[in-house]
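# Analysis of the macromolecular model
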Amino acid sequence: MLIVLLLTLAAFGLIMLAMAVGSIFQGRCLRGSCGGPEILTGDGVPLTCDTCPLKKKREAELRAQKLAAAGE
């Protein structure tokens, strides 16, 4: 019975490790429950984690899109 428990824990550990590595290599910020839609503030800016390495890049892209839309 102990062997089954250890194998089960090892299997779950490997699955969690694989998901973590996949998340790191995708390079996306975490968002919403189960990767659901982004949550936006009242002025349409997405709320992202402050520690996201892509936050500044995404904010700059959003500003550029708003400026382009305003200029049309």
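Structural notes, computed from the coordinates. (Residues numbered from 1 in each chain as written. Predicted model: local features only at pLDDT ≥ 70, side-chain atom pairs only at ≥ 80, totals over all residues. Heavy atoms only, no water.)

### Remarks on the overall build of the protein
- For the protein, the count of helices and strands is two helices and zero strands.
- Across the 72 residues in the protein, those meeting the buried criterion constitute 4%.
- Here the protein has roughly 6300 Å² of accessible surface; of this, 70% comes from carbon and sulfur atoms. (Helix = DSSP H or I, 4+ residues; strand = E, 2+ residues; numbered from the N terminus. Buried < 20%, exposed > 50% of the residue type's maximum accessible area, 1.4 Å probe, protein only. Areas by Shrake-Rupley, 256 points an atom, 1.4 Å probe, with all protein chains shown as cover.)

### Considerations on helix α1 (residues 2-26)
- Taking 1.5 Å per residue, 25 residues should reach 36 Å; α1 reaches 36 Å between its end C-alpha atoms and fits that length.
- Summarising burial for α1: zero of the 25 residues are buried, a small minority. (Expected span 1.5 Å × (residues − 1).)

### Structural notes on the environment of V45
- Checked against the element boundaries, V45 lands in the loop between α1 and α2 (55-71).
- Each C-alpha atom of the pair V45 and E59 lies 8.0 Å from the other, and the pair is 14 residues apart in sequence.

### Thoughts on a nonpolar patch on the surface
- Taken together, L2, L5, L6 and L9 make up a surface patch of nonpolar side chains, about 420 Å² in accessible area.
- Considering the arrangement of structural elements, one finds L9 in helix α1. (Patch = residues over 30% accessible without salt bridge, like charges linked within 9 Å, V, L, I, M, F, W, Y side chains within 5 Å. Salt bridge = Lys/Arg side-chain N within 4 Å of Asp/Glu carboxyl O.)

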